[in-house]
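Chain and residue survey
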Amino acid sequence: MTIGLVIIGCGGHGREIAQLVAAVNEANGRLVWRLVGFVDDAPSEINRKRAEATGAPYLGTLAVLHDLPPQTHVTLGLGDPTIRRTVDTRIDALGLPAASLVHPDATVGANLNAAEGLVVFAGARITTNVTAGRHLHVNQNATLAHDCVVSDHVSLHPLAAVSGDCRLGTAALIGAGAVVLPRLHIGAGATVGAGACVVRDVPPNVVVKGVPAR
């Protein structure tokens, strides 16, 4: 069965998800997901043109979601976890299911317990016994190790490495190439800067960077 899919967000992250969808379809040898188009409240002219260059139309603002068939799935092509959380709250009342998308070149291990909306990009690795909340995005070549518990709307940027037994709070962001050592807690809304090495717990709503991160 082919499922209609709408990507919310015309920016680069949304267009990367469009490529992920194409890769899933190609790997399955059939049209698993039919990309209906992009939705964005205020796309720039260049992002709108780039989105439409993928072959999927720009459908309009989030208001058009009210007119979609109820079986249509959505995915949040929004790289910023705080914005992703806000938009998820806006569209949740519509009852549209969120797609979970895993690139065929990613690895997802045993006993993953993930809420809907999971997006795992090429080269990413999720190992074993991981619990993930809504709309977790694991970007290219990032790693999420064993026994981690991840809350809603978290982002792991490319090459981020989260070690085993970590806890990541709602809308936390782990920057590109950052490392989180085992058994640490990253608070809700916290940001770990690119290339940082986290050696102690990070409180909510703070930004840490450097080696060691502080």
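Scroll up to find the structure this text is about.
Because the structure is predicted, anything quoted here is derived from the model rather than measured. In this numbering scheme, every chain counts its residues from 1 along its sequence in written order. Confidence filtering applies because this is a predicted model: local features only for residues at pLDDT of at least 70, side-chain atom pairs given and counted only at 80 or more, and all residues used for totals across whole chains, interfaces and linings. By convention in this description, side-chain values take in all heavy atoms of the structure and omit both hydrogens and water.

What about the pattern of salt bridges?
By convention in these notes, a salt bridge is any Lys or Arg side-chain nitrogen within 4 Å of a carboxyl oxygen on Asp or Glu. Per the stated rule, a full pass over the model turns up 5 salt bridges. A salt bridge links Glu52 to Arg48; the shortest N-O distance between them is 3.7 Å. On the criterion of helical spacing, the pair formed by Glu52 and Arg48 is a turn pair, its members being 4 residues apart in helix H2 (residues 45–52). Residue Glu52 is classed as partly exposed on the basis of its relative accessible area of 34%. Here the salt bridges share partners, and the residues they tie into one network are Asp88, Glu116 and Arg134. Here a strand is any run of E in DSSP of at least two residues, a helix any run of H or I of at least four, and the numbering for each starts at the N terminus. Three exposure classes are used, based on accessible area relative to the maximum for each residue type with a 1.4 Å probe and protein chains only: buried under 20%, partly exposed in between, and exposed over 50%.

Let's talk about the sheet that holds strand S10 (residues 131–132)
Any two strands with at least two DSSP-identified bridges between them are counted as paired. Reading across the sheet, the 5 strands line up as S7-S10-S13-S16-S19 and stay open at both edges, with parallel pairing between neighbours. The sheet terminates laterally at strand S7 (113–114) and strand S19 (185–186), the two strands that pair on one side only. Sheet analysis places strand S16 (residues 167–168) next to S19, joined by 2 bridges and oriented parallel. Pairing of Leu168 across the sheet is with Ile186, part of S19.

A few points about unusual backbone geometry
In the segment running from Val211 into Pro212, the intervening peptide bond is cis, with an omega of -5°. Locating Pro212 in the fold gives a position in the segment after strand S22 (207–208). Backbone geometry at Asn111 places phi at a positive 65°, although glycine is not the residue there. Relative to the elements of secondary structure, Asn111 occurs in the loop between strand S6 (107–108) and S7. Unusually for a residue other than glycine, Asn205 sits at a positive phi of about 60°. Its location among the elements puts Asn205 in the loop between strand S21 (197–198) and S22. Residue Asn205 is classed as exposed on the basis of its relative accessible area of 62%.

Some details on the pairing of strand S2 (residues 33–39)
A large share of S2 lies buried, amounting to 5 of its 7 residues. Strand direction decides the pairing type here: strand S1 (residues 3–8) and S2, joined by 6 bridges, are parallel. What sits directly across from Ile7, in S2, is Phe38. Taken together, S1, helix H1 (residues 12–28) and S2 form a β-α-β motif whose crossover is right-handed. By definition, the crossover connecting two strands over a helix is right-handed if that path, from the first strand to the second, turns clockwise as seen with the strands pointing away from the viewer.

A short note on the nonpolar core
Counting residues in each nonpolar core, the largest one holds 32 residues, and the members touching the most others are Leu136, Leu144, Leu156, Val162, Ile174 and Ile186. By nonpolar core is meant a set of buried Ala, Val, Leu, Ile, Met, Phe, Trp, Tyr and Cys residues that side-chain atoms within 4.5 Å join together. Within the second largest apolar cluster, 19 residues are counted, among which are Leu5, Ala99, Leu101 and Val119.

Structural notes on the side chain of Arg15
Tracing the backbone shows Arg15 in helix H1. Put simply, Arg15 is tucked away with no salt bridge, and the nearest opposite charge, on Glu16, sits 7.8 Å away. A distance of 3.3 Å separates a polar side-chain atom of Arg15 from the backbone oxygen of Cys10. By the convention used here, residues are in contact when the closest approach between their heavy atoms is within 4.5 Å. Other than its neighbours up to four places away in sequence, Arg15 contacts Cys10, Phe38, Asn47, Arg50, Ala51 and Thr54. For this count, His and the chain ends are skipped, Lys and Arg are scored as positive, and Asp and Glu as negative. Under the rule applied, a polar contact is a pair of N or O atoms within 3.5 Å (in protein, one hydrogen donor and one hydrogen acceptor; residues adjacent in sequence only if both atoms are side-chain atoms).

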